[in-house]
Amino acid sequence: NVFDENQEGSLCAQHCLNNLLQGEYFSPVELSSIAHQLDEEERMRMAEGGVTSEDYRTFLQQPSGNMDDSGFFSIQVISNALKVWGLDLILFNSPEYQRLRIDPINERSFICNYKEHWFTVRKLGKQWFNLNSLLTGPELISDTYLALFLAQLQQEGYSIFVVKGDLPDCEADQLLQMIRVQQMHRPKLIGEELAQLKDPRSQKTDLERALETNDGPGMLDEDEENLQKALALSRHEIDMEDEEADLRRAIQLSMQGSSRNVSQDTPQTSGTNLSSEELRKRREAYFEKQEKNEIRADLPGPVSHPRERPPTSSEALGSDLAGDAMSEEDMLQVAVSMSLETVRNNLETEGEK
């Protein structure tokens, strides 16, 4: 609801007044009429010195100081236009105003001028706005920034005028008395926005512009090269990890295959592998049992039974192999035991004959 006229030609004085009053109160025709009236008043004062005087003839030959064909209007035109609304202008840095020691926040509006440009800074509700017609929209100014903003304008060569009097009521002022607004994006200069729309570079992202302006193409190429090296190294490490994983799987499959081959070649009655110590204990228990059986067979009994033939070493070996798979050392021990058993059996056979 903030009224804000954008720049048209050189009609900044008209925009300044209408933005101050928050409505289309003045047109170029009305301001031109005020300018012509001022020119006539000045001519009449010069004629008092004589219409035949050199000063008067020089004055008539000069263009108007209150307006020109471009649409520029002087401070006198603006001041006279505001008097219609009972408003007066006081120079901000004048001794007269400085003696008042008034905080800018307690004022209602300012008019700023630099060379041939005019714009308004006005308080609407409880907030200040920069209503510069060269901007794409109103610019919110905080209370803490207002004094700094005016001081910056003065340093840049602006003349600042304080508007004294009661401004006409407006909808924006009434609304902003009840609420406060926030501005997410600052308005841009109209020329800057048009230039960005025409320039293809303006369509680029902030990251692309930063990469182009900060370090240049050389730095960008170097960054890309480093990125490629990092990616290549990462891929190499992944390949190495995959190769190691494949090698581990191959070894595991090979071991599983060997285990299956051993289990197929050697019948097993138990799925548990025995240690060498357990095999040794089993062999000792077997030979002790065998010796007991031989002693029991030699003892006389009431009934003669044929002595049972003890199992041969080959049968014992088969029994051991049927129980569990053995290591090469255990197999060698069993083979020696089997040889001794064969010799013992042969000697017993010869003794019986």
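Residues numbered from 1 in each chain as written. Predicted model: local features only at pLDDT ≥ 70, side-chain atom pairs only at ≥ 80, totals over all residues. Heavy atoms only, no water.

To continue, consider the overall build of the protein chain. For the protein chain, the count of helices and strands is 13 helices and six strands. Counting only contacts in the protein chain whose residues sit at least 6 apart along the sequence, the fraction spanning at least 24 positions is 64%. As displayed, the protein chain has an accessible area near 24,000 Å², and 53% of this comes from carbon and sulfur atoms. (Helix = DSSP H or I, 4+ residues; strand = E, 2+ residues; numbered from the N terminus. Contact = heavy atoms within 4.5 Å. Areas by Shrake-Rupley, 256 points an atom, 1.4 Å probe, with all protein chains shown as cover.)

Attention now goes to the environment of Ile75. Along the polypeptide, Ile75 turns up in helix 4 (residues 75-83). By relative accessible area, Ile75 is classed as partly exposed at 23%. Excluding residues that lie within four positions of it along the chain, Ile75 makes contacts with Leu89, Trp118 and Phe161. (Buried < 20%, exposed > 50% of the residue type's maximum accessible area, 1.4 Å probe, protein only.)

Our next topic: the nonpolar core. Among the nonpolar cores identified, the biggest contains 25 residues, and Leu31, Phe73, Ile111 and Trp118 are the most heavily contacted of them. Composition of this core by domain shows at least three residues from each of domain 1 (18-85) and domain 2 (86-199). The contact partners of Trp118, leaving out residues within four places of it in the chain, are Cys12, Ala13, Cys16, Phe72, Phe73, Ser74, Ile75, Ile78, Ile111, Cys112, Asn113 and Phe161. With 16 residues, the next largest nonpolar core counts Phe149, Leu150, Tyr158 and Val162 among its residues. (Core = buried A, V, L, I, M, F, W, Y, C linked by side-chain atoms within 4.5 Å. Domains from an automatic or database assignment.)

Here we have six strands laid out as an open sheet, ordered 1-6-2-3-4-5, and antiparallel in their pairing. Edge positions in the open sheet fall to strand 1 (88-91) and strand 5 (139-141), since each of these has one partner strand only. Each strand axis lies, on average, 30 degrees off the axis of its neighbour in the sheet, ignoring direction. Pairing geometry for strand 2 (residues 109-114) and strand 6 (residues 159-164), over four bridges, is antiparallel. From the neighbouring strand, Asn113 faces strand 6, where its bridge partner is Ser159. The sheet strands contacting helix 1 (residues 12-21) are strand 2, strand 3 (117-124), strand 4 (127-131) and strand 6, and the helix crosses strand 3 at an angle near 5 degrees. Packing of helix 6 (residues 143-155) onto the sheet brings it into contact with strand 2, strand 3, strand 4, strand 5 and strand 6, and relative to strand 5 it is tilted by some 110 degrees. (Pairing = 2+ DSSP bridges. Axes fitted to C-alpha atoms, helices over the stretch in contact; angles between N-to-C directions.)

A separate point is the confidence of the model for the protein chain. For the protein chain, mean pLDDT is 76; residues scoring 70 or higher make up 57% of the total. Looking across the protein chain, the model is least confident in helix 12 (residues 313-323), with a mean pLDDT of 45, and most confident in strand 4, with 97. Contacts of residues 216-220 to residues separated by more than four positions or lying in other chains number two contacts, the stretch itself having pLDDT below 50. (pLDDT = per-residue confidence, 0-100.)

Under the criterion given, the structure shown has eight aromatic pairs. A centroid spacing of 4.9 Å and a plane angle of 85 degrees characterise the contact between Tyr25 and Trp85, whose relative ring orientation is edge-to-face. In this pair, Tyr25 sits in the loop between helix 1 and helix 2 (28-47) while Trp85 sits in the loop between helix 4 and strand 1, placing the two residues 60 residues apart along the sequence. For Trp85, a relative accessible area of 36% gives the class partly exposed. Between Tyr145 and Phe149 the ring centres are 5.9 Å apart and the planes differ by 45 degrees, which places this aromatic pair in the tilted class. Taken together, the residues span about one helical turn, with Tyr145 and Phe149 both in helix 6 at a distance of four residues. An aromatic cluster of at least three residues, connected via ring pairs, comprises Phe92, Tyr97, Phe110 and Trp128. (Phe/Tyr/Trp six-rings, centres within 6.5 Å; stacked < 30°, edge-to-face > 60°.)

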